[in-house]
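# Chains, contacts and geometry: an overview
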Amino acid sequence: MRLTVAQALVRFLAAQYTERDGRRRRLVAATWGIFGHGNVAGIGQALLESGGTGPDAMPFLQGRNEQAMVHAAVGYARQSGRLSTHAVTTSIGPGATNLVTGAALATVNRIPVLLLPGDTFATRPADPVLQQLEVPYAADVSVNDALRPVSRHFDRITRPEALVPAALQAVRVLTDPVQTGAVTLALPQDVQAEAYDWPEEFFAERVWRVRRPRPDRAELAAAADAVRGSARPLIVAGGGIRHSGAQAALAALAEATGIPVAVTQAGKGVLPYGHPADVGGIGHTGTATADALAREADVVLAAGTRLSDFTTASGTLFQHPAVRFVGLNLDPYDAHKLAARPLVADAREALDELREALAGHRVDAAYETAYRQEAARWDAVVDRAYAVSAPDEEFPPTQAQVLGLLDGLVDATDILVNAAGSLPGDLHKLWRARSADQYHVEYGYSCMGYEIPAAIGVALAAPGRPVWALVGDGTYLMNPTEIVTAVQEGVPIRMVVLDNHGYASIGGLSGAVGAEGFGTAYRFRAADGTYTGDPLPVDLAANAASLGMAVIRARTVRDLREALAEARSATRPTCVYVQTRTPDTVSGPPPAQAWWDVPVAETATRKAASRAREEYDRQAAQRRRHL
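The structure displayed is predicted, hence computed values, not measured ones.

## Digging into the overall build of the protein
Looking only at helices and strands, one finds 24 helices and 23 strands in the protein. What you see for the protein is a C-alpha radius of gyration of 25 Å, in line with the 25 Å of a compact globule of 627 residues. Considered along the principal axes of its C-alpha atoms, the protein spans approximately 70 × 70 × 55 Å. With 627 residues in all, the protein has 57% of them scored as buried. Sequence separation of at least 24 residues holds for 77% of the intrachain contacts in the protein that already meet a minimum separation of 6.

Structure (structure tokens):
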């Protein structure tokens, strides 16, 4: 079959499927693209020929920013359980380098996405071409090589026949639950347009079965022994539970044994709000209940988590002198962290078999009663943070009250998307997740600008469900461009913009580490040169309206309650804009319940930094190596 390389690649991708538990999905459901001279005549022409609605068609989505296109693909893939994703094509030069941040986010979070950047000429008829990076010591290097460290697999297709093994390897990595992440196939622009006689077998339908490895018997027995010998066990559930679809298996284990379950940012929602074993978020942004249990736990079952510094409170959280870890993870790299007893397996399979191995075992009744009582106390803390008094109705809301009003409106069908700023911390501590996929917070890379495009991807994967992008003013200004895409495609995302005139999260951190909030406010310069003047006259609501969104301005709590209800019932992309007020001691979110290591200046002339260093040394002294 004689086709160009680009035509062959698009045809090949349209014939790739995943299957798990008897459910089949198309692997690459659509391709995002922004065209330039590096891909317009190759991939662009191939996508044009592949248009239509048949089973062999490759749907196309027009983006506005290359990084944002990757975020949208990640949102789609995560909502699809990593069984389906999108491809992203760009031109050479800045189009390609704009992919790097999105690729890093995908790889850090173990989410599959296929990147197809154009590349400079393989045959070098003109050297350099427009946008080419010249590297004197290595003529074969292009800007696409910047994608190597943030990709789980990278290849450059310099000959047509190389596409066959390269495409197969790319799909192998995309469908591997351990290796998955960003996969990059760099496509020289002349090779994209080159014709070749392809074997028809290359385009045959292929089904890639996503495996569920069962645990090794010896590792399973060791894990069961560890739990049986524990007086205060704790399960830390991460995103791997969600990726495996192991929520029911986790709930069954917790119900059979009485072991409490704390959740990471990626794991929040794996047990629904109200489950008796759920003790909330763990770590720096966690609940007092979960963090107190972690400090006293003697065995920790780390299930599907990377055990990042936010989860471990930078190595200060797990303080029991004899604490030991069981690492349940598909990836041996993660399963061995904190000197854990590894349990390398699919989460669902391992949790089911561990429950069977622990048949008849249950934690002490006093332990179970105590953590449930503490969880109820934390629920009262959340109620106070969400509370709206009668006088509050006529004032701007605090950020916690915004979440409380949304909490009172949504049901299990709603999905919340967030990634950066102070919102992830408040959400992790306060949000009451009603379904396994309601809580979509990207905190592996915590990338400002993720929320709006990711919400589009989520909405494409979950049509008909209300999808909310929660963004601060700093995040909005980073990447609002895909609002245009949502309008163009008729994707009715709901965006809530919380304007607090600056980088409030980093401003608070800056104050805590002695940097006095320097450079974090969106204000005019004052006479002393600092950004402490009046707030900038920036109208984000007008900006969103200019990009095609329906906009509802909310000045007070009363306004906001009505605006959120109107937005939820909207059938077009809708923005709710509100300026939040500084929280007070009653309605503000609870403070961090565990430490996070952000090094403080060891010597300084300013008192704030000196005081912060004293506190840093006190906290850092509690850090330990788990060996």
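## Description of the sheet that holds strand S11 (residues 206-209)
What the three strands build is an open sheet, ordered S3-S2-S11; its pairing is mixed. Strand pairing shows two members of the sheet lacking a second neighbour, strand S3 (23-26) and S11, which therefore form its edges. Along the sheet, successive strands turn relative to each other by an average axial angle of 30°, direction set aside. Two elements, strand S2 (residues 16-20) and S3, share four bridges in a ladder whose sense is antiparallel.

## Brief notes about empty space enclosed by the protein
Evaluation of the coordinates by the stated rule reveals two cavities of 30 Å³ or more. In terms of lining, the largest cavity is formed by Ile92, Gly93, Gly118, Asp119, Thr120, Gln131, Gln132, Leu133, Ser142, Val143 and Asn144. Looking at the lining of the largest cavity residue by residue, the classes come out as three nonpolar, seven polar and one charged. Looking at the second largest cavity, the residues that line it are Val227, Pro233, Leu234, Ile235, Leu253, Ile259, Val299, Leu301 and Leu354. At the level of secondary structure, the elements contributing two or more residues to the lining of the second largest cavity comprise strand S12 (233-237) and strand S15 (299-303). At three residues, S12 tops the list of elements feeding residues into the lining of the second largest cavity.

What counts, and where the lines are drawn
Residues numbered from 1 in each chain as written. Predicted model: local features only at pLDDT ≥ 70, side-chain atom pairs only at ≥ 80, totals over all residues. Heavy atoms only, no water. Helix = DSSP H or I, 4+ residues; strand = E, 2+ residues; numbered from the N terminus. Rg over C-alpha atoms; globule rule 2.2 N^0.38 Å. Buried < 20%, exposed > 50% of the residue type's maximum accessible area, 1.4 Å probe, protein only. Contact = heavy atoms within 4.5 Å. Pairing = 2+ DSSP bridges. Axes fitted to C-alpha atoms, helices over the stretch in contact; angles between N-to-C directions. 1 Å grid on protein atoms, 1.4 Å probe; cavity = no way out; pocket = protein on both sides within 12 Å on 5 of 7 lines; lining within 4 Å. Points joined across faces, edges and corners; volume = space filled by probe spheres on them. Nonpolar A, V, L, I, M, F, W, Y, C, P; charged D, E, K, R; others polar.

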